Amino acid sequence: MERQERRSRPAGPLEPLDRDACLVLLSTVVIGRVAWAPSGDDLKVVPVNFVLDGDGIVFRTARGGKLDAIQHGVPLVFEVDDVEPALHVGWSVVLSGRAEVVTDREQVRRLEQLAGAPWVAMTEPVFVRLPLHEISGRRLPLHAGGVFVQPVEEA
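Model, not experiment: these values are computed from the prediction. (Residues numbered from 1 in each chain as written. Predicted model: local features only at pLDDT ≥ 70, side-chain atom pairs only at ≥ 80, totals over all residues. Heavy atoms only, no water.)

*Asks:* Can you walk me through the pattern of salt bridges in this structure?
*Replies:* As a working rule, side chains carrying opposite charge can pair if their charged atoms are close by. All chains considered together, the criterion is met by eight salt bridges. Lys-44 is the partner of Asp-42 in a salt bridge, and the nearest nitrogen-oxygen pair spans 3.5 Å. The salt bridge involving Glu-124 is made with Arg-63; its shortest N-O contact spans 3.4 Å. With Glu-124 in the loop between helix 3 (105-115) and strand 8 (126-131) and Arg-63 in the loop between strand 4 (56-61) and helix 2 (65-71), the pair connects residues that are 61 residues apart, well separated along the chain. When its relative accessible area of 54% is taken as the criterion, Glu-124 is described as exposed. Connected via shared salt-bridge partners are Asp-53, Asp-55, Arg-110 and Arg-129. (Salt bridge = Lys/Arg side-chain N within 4 Å of Asp/Glu carboxyl O. Helix = DSSP H or I, 4+ residues; strand = E, 2+ residues; numbered from the N terminus. Buried < 20%, exposed > 50% of the residue type's maximum accessible area, 1.4 Å probe, protein only.)

Written as structure tokens, this is what we have:
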């Protein structure tokens, strides 16, 4: 089967998002991706469910590479996005920095209520907070004439 061109109209410009817009968008999704490089050039990326909590995003994790990286001060990158392929619109928000394990029992109880039930069963899960210090975002907005109807070829 031949690869078909997916672009139906010219690409639009990316629009940078300010901090407030990024926070609003962060609150609209529940899955993001955490990335880290534990050995300098060995990049890892995994999906996590998360919640926006005050000055950071919070997610659960268990023992393993991600938790080891956090405990050794390896910087994380966290990314969330949403796209609508049919309209060629979407957005992306990226946070980066050093995360910390939440150890205060009262905070853990509060986060358990805020985050709800985990999506994945974990042995000895811990909450991790990544502060919102380094946050950026961009959007590909809908432009006039942004809807395109393409006829379906008959077989």
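*Asks:* Quick question: what am I supposed to make of helix 3 here?
*Replies:* The α-helix advances 3.6 residues per turn, and as a result positions three or four apart in sequence lie on the same side. The backbone nitrogen of Glu-106 lies 3.2 Å from a side-chain oxygen of the residue at the head of helix 3, namely Asp-104. Directly beyond the C-terminal end of helix 3, a positive phi value near 75° is found at Gly-116. (Polar contact = N/O pair within 3.5 Å; in protein donor to acceptor, adjacent residues only side chain to side chain.)

*Asks:* Mind showing me how you'd approach unusual backbone geometry here?
*Replies:* Peptide bonds are mostly trans, and most non-glycine residues show a negative phi. Of note in this structure, His-88 is not a glycine but carries a positive phi near 55°. Checked against the element boundaries, His-88 lands in the loop between strand 5 (76-84) and strand 6 (89-97). What makes His-88 buried here is its relative accessible area of 18%. The backbone phi angle of Glu-124 is positive, close to 50°, even though this residue is not glycine.

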